[in-house]
Amino acid sequence: MRKLLFEGLFQAPLTEPAPGAEAAAVLELAQRLERSARRRLGRSLAIRHVDVGSCNGCELEMHALGNAFYDLERFGLRFVASPRHADVLMVTGPLCKNMSEALERTWLATPEPKWVVAVGDCAADGGIFAPSYACLGGISTLVPVDLHVPGCPPDPLRLLSGLLGLIEENIK
Amino acid sequence: MSIDCIPQSLRLPCRPRWWRAQVDEPRWRETAAGLVEDRWRLVSLWGEAGLVHMAVADQDYAEIGVVSLACPQGRFPSVGRLHPPAIRLERAVQDLFGLEAVGLTDGRPWLDHGRWGVSGPLGIGNSSPDSAPAPYSFLPVVGEGVHQIPVGPIHAGIIEPGHFRFSVNGETVVRLEERLGYVHKGIEGLMAGAGPAAAARLAGRTSGDSTVAYSLAFAQAVEAALDIEVPGRAVWLRALMAELERLANHCGDIGAICNDAAFAILQARFAMLREAVLRAARACFGHRLMMDGVVPGGISADLPEHGLDILRALVKEIRREFPRLVELYENTASLKARTVGTGILSPALARQFGAGGFVGRASGCEVDIRRRPGYPPYDRLGFELPVLHSGDVNARVWVRIREVEASLALIEQILASLPEGAVRIGLPAGEGREIREGAALVESFRGDLFVWLRLGGDGKVERCHLRDPSWFQWPLLEAAIEGNIVADFPLCNKSFNCSYSGHDG
């Protein structure tokens, strides 16, 4: 293990010096996020994830936000275990009827000020599941939504862009 | 041993080489008895309006058949009464089709939480007034000092929803009871009447982490029903995508298991490997999870010009990094102290439930659909099939480690002998055909994934049933956690990593 740790110390960071437009976008995002988020929320933004019917594709990409390439926490963004600790609810899925009460109670348990991000095409309007007897459609049918991040699923960079957009919108 | 209680005269073709037979009640019971006597394994049990189906296979998948029983009175003899793996499937049949499994010992609803505004939505269908959902009664646990810990449906993390009811005595779990169905989307209902392309998109979103496997199983079932053969190159590229999916999931999950034992460095390192796979997948197939890459008739697009180079570089990178991480896993005593001897699933129970994938293979079940019954191109590829017997978290980790190595070897072989040619053929025009049925079994990263469907004369899906491997793994998690401490539950749960969405449908 020591060897791996030492390597980690001396290796150049993996965190996106990769060539191409994608890496440039991450860097730009980092700088913009730092300015706007700090003004509003100090150094950090706490996120609570709620899956109300996702196929788990969105969850996989939200997980990827934490890996060394995207390193969500360098922006002061982090996932928390309770809605009572959260500023932002990131909600995935086509709002299954069986999850509607859980979403409502989670939203009520989140202290003000709070924002809701609808992640993925399903959360926006129910996506391909919208016509089902088991789904209510987009999550905005139940809770006010501040931002939609489109995609099926949205990739990590798009998720980061979305969070930044949310913060900037609320600063105006 | 062949499924001999069903005479040849009753058997109708269900392609590729399966059959389906309309049976009477005595034959239905006889088939169920074969499951209890361990002659056959349960592949799935599902319904439609006024009809219930059960797919069974002999123990080495040499023969697979579906028996169907008409239920004019809305009732059928319960299989779960005798063979516990069928219990939850029958509870789901009761919820979705309004049929009654007579004799079923656990009659509580499963997927239906009383919120749909309709009962038996896929059956004859009765709307029910929106009243307050009835409270769900969990199984009682009595004893001095026993108390309950309710967890979920929302969990503390980026995880799918489901409810776990722990009955504990001190730190020790006396009983875990799962309650699922929170993410039931009605996928089988949406599929009815959809064209093959739209239905394929639904299949690919049944469980996002297995999107390739689901798309593949659905496509194979459609192609079997229509009796068409996809081009060789598509067959090989499908296998390539399936192995990439397996690789990505195993890398991510092995790391996550280590993280649940508070060993974060391995999670960070394994997550890097997973990300490398996803980036290669996007470069080669246009989508990080390869969603909608497999379509009925072939695959949606061929590899780009440098695709082979990208994949060879990926394999090289993982081959370099992976063994060092495995060595660290194996040599970290504090980590092994958590995984060895924890969450033991007995081989007998794994066999009874026909547990597939790494859950089964860590408990002595030698089931791998790629090998038996097998499907191309795996018949032309060599790979090791790891089987362990200790059934603990460590065994499940080690099976997955060996599967990563097997997948790397498979990818290398596929890259070396990928045939040239087209990657897709059109489906025959839809009008005026006979009604046809098809079925498929595919090895997803979790294990055996079953799809059965019937296409109408207009080429649209009349009925499609998808059975996630998790149906037979979730109940085993309840058994594996018994006697362990509550703090080891995340570890046990992650080592199973059952799909909520795939199960709930």
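Residues numbered from 1 in each chain as written. Chains lettered and ligands numbered in written order. Predicted model: local features only at pLDDT ≥ 70, side-chain atom pairs only at ≥ 80, totals over all residues.

Looking at the overall build of chain B
Quick reminder of the rule: Numbering of helices and strands runs from the N terminus; a helix is a DSSP stretch of H or I covering at least four residues, while a strand is a stretch of E covering at least two. Each radius of gyration is computed over the set of C-alpha atoms, and the globule rule expresses the reference value as 2.2 Å times the number of residues to the power 0.38. Two residues qualify as a contact pair if the distance between their C-beta atoms, derived from the backbone, is within 7 Å.
Along its length, chain B carries 16 helices and 17 strands. Relative to the globule expectation of 23 Å for 505 residues, the C-alpha radius of gyration of chain B, 22 Å, shows essentially globular dimensions. Taken along its principal axes, the extent of the C-alpha atoms in chain B is 70 × 60 × 45 Å. The long-range fraction of contacts in chain B, counting pairs at least 24 apart against all pairs at least 6 apart in sequence, stands at 67%.

Some details on the sheet that holds strand 2 (residues 77–79) of chain A
Residue and element names in this part refer to chain A. Here is the rule we go by: Two strands make a pair as long as DSSP finds a minimum of two bridges between them. Angles here are taken between N-to-C directions and fall from 0 to 180 degrees, while the axes themselves are lines fitted to C-alpha atoms, restricted in helices to the stretch in contact.
Strand order in the open sheet formed by five strands is 2-1-3-4-5, and the pairing between neighbours is parallel. Looking along the sheet, the strands with just one partner apiece sit at the ends: strand 2 and strand 5 (147–149). Along the sheet, successive strands turn relative to each other by an average axial angle of 30°, direction set aside. The sheet contact formed by strand 1 (residues 45–51) and strand 2 spans three bridges and is parallel.

A few points about the sheet that holds strand 11 (residues 163–169) of chain B
Residue and element names in this part refer to chain B. Read from one edge of the open sheet, three strands run 10-11-12, paired in antiparallel fashion. Unpaired on one side and paired on the other, strand 10 (146–151) and strand 12 (172–179) mark the two borders of the sheet. With direction set aside, neighbouring strand axes in the sheet form an average angle of 20°. Sheet topology places strand 10 next to strand 11; six bridges connect them, and they run antiparallel. Within the sheet, the bridge partner assigned to valine 151 lies in strand 11 and is phenylalanine 164.

A closer look at the nonpolar core
As a rule of thumb, soluble globular proteins bury nonpolar side chains together. How we decide: Any nonpolar core is a set of buried residues, restricted to Ala, Val, Leu, Ile, Met, Phe, Trp, Tyr and Cys, that join up through C-beta atoms within 7 Å. Three classes are used. A residue is buried when 20 or more other C-beta atoms lie within 10 Å of its own, exposed when 12 or fewer do, and partly exposed in between, with C-beta atoms placed from the backbone. By convention here, the domain bounds are inherited from an automatic or database domain assignment.
Of all hydrophobic cores here, the largest spans 200 residues; its most connected members are Val91 of chain A together with Ala221 and Val451 of chain B. Considering each element in turn, this core owes the most residues, 16 residues, to helix 6 (residues 232–260) of chain B. Summarising the domain contributions, this core has at least three residues from each of domain 1 (8–102) and domain 2 (187–504) of chain B. Among all residues touching alanine 221 of chain B, those that are not within four sequence positions of it are Gly438, Ala439, Ala440, Val451, Trp452 and Leu453 of chain B.

A few points about the pairing of strand 15 (residues 436–444) of chain B
Residues and elements named next belong to chain B. The buried fraction of strand 15 amounts to nine of the nine residues, a majority that puts the element mostly inside the structure. Here strand 15 shows no split at all, with Arg436, Gly438, Ala440, Val442 and Ser444 on one side and Glu437, Ala439, Leu441 and Glu443 on the other all buried. Relative to strand 16 (residues 447–455), strand 15 is paired through nine bridges, and the arrangement is antiparallel. Pairing of leucine 441 across the sheet is with phenylalanine 450, part of strand 16. Hairpin remark: strand 15 followed by strand 16, antiparallel, with two residues in the connecting loop.

Here's the deal with the interface of chain B and chain A
Taken together, the contact between chain B and chain A spans 41 residues of the former and 39 residues of the latter. Elements represented by at least two residues in the side of chain B that touches chain A include exactly helix 3 (187–191), helix 4 (196–203) and helix 7 (264–285) of chain B. At five residues, helix 7 of chain B tops the list of elements feeding residues into the side of chain B that touches chain A.

Some points on unusual backbone geometry
Geometrically, the link from glutamate 112 of chain A to proline 113 of chain A is a cis peptide bond, its omega value of -5° lying close to zero. Examined against the element boundaries, proline 113 of chain A turns out to sit in the loop between helix 4 (100–109) and strand 4 (115–119). Located in the positive-phi region is aspartate 38 of chain B, a residue other than glycine, with phi close to 70°. Note on placement: aspartate 38 of chain B falls in the loop between helix 1 (25–36) and strand 3 (40–48).

A look at the domain arrangement of chain B
All names here are of chain B. Condition: Residue polarity follows a fixed list, in which Ala, Val, Leu, Ile, Met, Phe, Trp, Tyr, Cys and Pro are nonpolar, Asp, Glu, Lys and Arg are charged, and the others, Gly among them, are polar.
Annotation of chain B at the domain level lists domain 1 (8–102) and domain 2 (187–504). Computed from C-alpha coordinates alone, the two centres of domain 1 and domain 2 are separated by 26 Å. When residues of the side of domain 1 that touches domain 2 are traced back to their parent elements, those giving at least two are strand 2 (18–23), strand 3, strand 5 (64–70) and helix 2 (87–97). Looking at the side of domain 1 that touches domain 2, the element that brings in the most residues is strand 3, giving six residues. Grouping the amino acids of the side of domain 1 that touches domain 2 by side-chain chemistry returns 12 nonpolar, one polar and six charged.

Overview of the packing of helix 8 (residues 307–331) of chain B against helix 13 (residues 393–416) of chain B
Residue and element names in this part refer to chain B. Short version of the rule: Angle categories are assigned with fixed cut-offs, so that under 35 degrees is roughly parallel, over 145 is roughly antiparallel, 65 to 115 is roughly perpendicular, and the rest are oblique. For a crossing to be left-handed, the near helix must be turned anticlockwise from the far one by less than a right angle; the clockwise case is right-handed.
The contact between helix 8 and helix 13 brings their axes to 11 Å, and the two run at 155°. Comparing the axis directions of helix 8 and helix 13 gives the class roughly antiparallel. You can see that helix 8 and helix 13 cross each other, and the crossing is left-handed. Residues Leu308, Leu311, Arg312, Val315, Ile318, Arg319, Phe322 and Val326 of helix 8 form the contact with helix 13, whose own contacting residues are Ile401, Val404, Leu408, Ile411, Glu412 and Leu415.

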